[in-house]
Amino acid sequence: MLEYDTSLLGKEFDRYSYSVSKEDIVEFAQSIGETNPLYTDEAYAKTTSYGGLIAPPTFCVVFRSYARLPDLKLNYGKRGFDGGKECTFLAPIRPGDTITGVDRIAQVYEKTGRSGNMIFIVRESELTNQRGEKVAVVRQSLIRRD
Amino acid sequence: MSETVEYFEDIDIGDEIAELDICPTTADVVRFVDVARMQSGRFTDDEYARQEGLPGAIVPGNMSLGFLSRMLTEFFPTGTLKELTANFRATVPHNTALTCSGVVTEKQMSNGEHIIFCDVMLSNDEGERYVQGTALVALPSRAA
């Protein structure tokens, strides 16, 4: 039976900012082999409805928090691994943007599988640009088990 | 099915998304973790990864996510990827032939948008699924 410190749920525990350059976007696009010139060719991108270069959707994963999760005082779960991600893309990220991330623990729940009990900790990162527009929400599931 | 789809009316439930074949090498992973600020020995150093209980250095989940996104945006060049979820079911080794694939599961018109729902996955030649997820893509409509 899962026990933990519920007072930490929903509370901001980290805030961080990154500026985005054209090179950051192009290098990320090239590192996953993107073929769409919208992500790499400024002249082409200007002819599209976006009016300029934008980042590939999953570029939002580069805005990393280096903060450790707050201690939830879990009653089990010594080993941890990455269970998955949910990304919601809300607005394009462009060169010159400054992206601010705010991290919270959104959810903690327990599941029983073939290999026993597991705890899922959902870390939510809300990313906002310098105009106050929310550009993406990334929810990462961290799985803990003994 | 064609290699790309531009309009909501041109795709149906059950249609497959054109597959994306990839084979991320160790050099590809080294480059990705550098630009994605994910430097960790588990992604680039076999010995370090083995000490963590992994079979060897692995492809980061975020890179797999990037490949799935690339498959979708290449297949739907006029579309906007709204959501992408991925469950990391097994660690992905380097230098392994991988295929991103997907199928349309639902079509919906909501809030003036035309949305395609898809199941997506990343698997190897033997059909072992490393990553399984879902995606929502907004497409233009011919009626608009």
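Not measured: the values here are computed from a predicted model. (Residues numbered from 1 in each chain as written. Chains lettered and ligands numbered in written order. Predicted model: local features only at pLDDT ≥ 70, side-chain atom pairs only at ≥ 80, totals over all residues.)

Participant: Would you mind going over the overall build of chain B with me for this structure?
Facilitator: When you go through chain B residue by residue, the secondary structure sums to four helices and seven strands. Along chain B, helices and strands appear, N-terminal first, in the series β-α-α-α-β-α-β-β-β-β-β. Looking at chain B as a whole, 39% of its 144 residues qualify as buried. Considering only residue pairs separated by 6 or more positions, chain B has 63% of its internal contacts joining residues 24 or more positions apart. (Helix = DSSP H or I, 4+ residues; strand = E, 2+ residues; numbered from the N terminus. Buried ≥ 20, exposed ≤ 12 C-beta atoms within 10 Å, placed from the backbone. Contact = placed C-beta atoms within 7 Å.)

Participant: Would you mind showing me how to read the overall build of chain A here?
Facilitator: Helix and strand content of chain A: two helices and five strands. From first element to last, N terminus to C terminus, chain A shows the α and β order β-α-α-β-β-β-β. Principal axes of the C-alpha set define a box for chain A whose edges measure 60 × 30 × 20 Å. Sorting the 146 residues of chain A into buried and exposed places 31% on the buried side.

Participant: Quick question: what am I supposed to make of helix α1 (residues 26–35) of chain B here?
Facilitator: Residues spaced three or four apart along an α-helix face the same direction, because each turn holds 3.6 residues. All of the buried residues in α1 of chain B are Val-29, Phe-32 and Val-33 of chain B. The buried residues of α1 of chain B occupy an angular sector of 95° when the element is viewed end-on, so they sit on one face. Buried residues belonging to α1 of chain B abut α1 (22–31) of chain A together with α2 (41–44), β2 (58–59) and α4 (61–75) of chain B. (Arc of directions from axis to C-beta.)

Participant: Looking at this model, I keep getting lost on the pairing of strand β3 (residues 80–88) of chain B. Mind explaining?
Facilitator: Where a strand is regular, its side chains alternate between the two sheet faces. Examined bridge by bridge, strand β2 (residues 79–89) of chain A and β3 of chain B share five bridges and lie antiparallel to one another. In the strand pairing of β3 of chain B, Glu-86 of chain A is matched with Thr-85 of chain B. Of the strand pairs in this sheet, β3 of chain B and strand β7 (residues 129–139) of chain B are connected by eight bridges, and their pairing is antiparallel. The residue of β7 of chain B that forms the bridge with Thr-85 of chain B is Thr-134 of chain B. (Pairing = 2+ DSSP bridges.)

Participant: Just checking my understanding: could you explain α1 of chain A for this structure?
Facilitator: Among all positions in α1 of chain A, only Ile-25, Phe-28, Ala-29 and Ser-31 of chain A are buried. Down the axis, α1 of chain A shows its buried residues gathered within 165° of arc, on one side only. On its buried face, α1 of chain A is in contact with α1 of chain B. Positive phi appears at Gly-33 of chain A, one or two residues downstream of α1 of chain A, with a value of about 75°.

Participant: Please clarify how the sheet that holds strand β5 (residues 98–110) of chain B should be interpreted in this entry.
Facilitator: Strand pairing in a sheet relies on backbone hydrogen bonds. The paired strands run either parallel or antiparallel. Within the open sheet, the 10 strands sit side by side as β1(A)-β3(A)-β4(A)-β5(A)-β2(A)-β3(B)-β7(B)-β6(B)-β5(B)-β1(B). Their pairing is antiparallel. Unpaired on one side and paired on the other, β1 (12–19) of chain A together with β1 (16–22) of chain B mark the two borders of the sheet. Between one strand axis and the next, the sheet turns by 20° as a mean value, whatever way the strands run. With 10 bridges connecting them, β2 of chain A and strand β5 (residues 134–145) of chain A associate as antiparallel partners. Bridging from a neighbouring strand, Glu-86 of chain A pairs with Arg-139 of chain A of β5 of chain A. Sitting on the sheet, α4 of chain B touches β2 of chain A together with β1, β3, β5, β6 (113–124) and β7 of chain B, and the angle it makes with β3 of chain B is about 145°. (Axes fitted to C-alpha atoms, helices over the stretch in contact; angles between N-to-C directions.)

Participant: Help me understand unusual backbone geometry in this model?
Facilitator: With glycine set apart, most residues show a phi of negative sign, and most peptide bonds adopt trans. Residue Lys-73 of chain A is not a glycine yet carries a positive backbone phi of 55°. Relative to the elements of secondary structure, Lys-73 of chain A occurs in the loop between α2 (42–46) and β2. At Asn-111 of chain B, a residue that is not glycine, the phi angle is positive and equals roughly 50°. Structurally, Asn-111 of chain B can be placed in the loop between β5 and β6. A residue is classified by how many C-beta atoms lie within 10 Å of it, and Asn-111 of chain B, with 6 of them, is exposed.

Participant: Explanation requested: the interface of chain B and chain A in the structure shown.
Facilitator: When the parts of a complex come together, some accessible area is lost, and that lost area is often used as the size of the interface. Every contact between the two is made by 25 residues of chain B and, on the other side, 22 residues of chain A. Only α1, α4 and β3 of chain B provide two or more residues apiece to the side of chain B that touches chain A. Class assignment of the residues belonging to the side of chain B that touches chain A gives a composition of 12 nonpolar, seven polar and six charged. (Nonpolar A, V, L, I, M, F, W, Y, C, P; charged D, E, K, R; others polar.)

Participant: Help me out: how do you make sense of the confidence of the model for chain B in this one?
Facilitator: Caution applies to low-pLDDT parts of the model: their predicted coordinates are not meant to be read in detail. Per-residue confidence for chain B averages 95 on the pLDDT scale, and 99% of its residues sit at or above 70. Among the scores for the predicted complex, ipTM is 0.94 and pTM is 0.94. (pLDDT = per-residue confidence, 0-100.)

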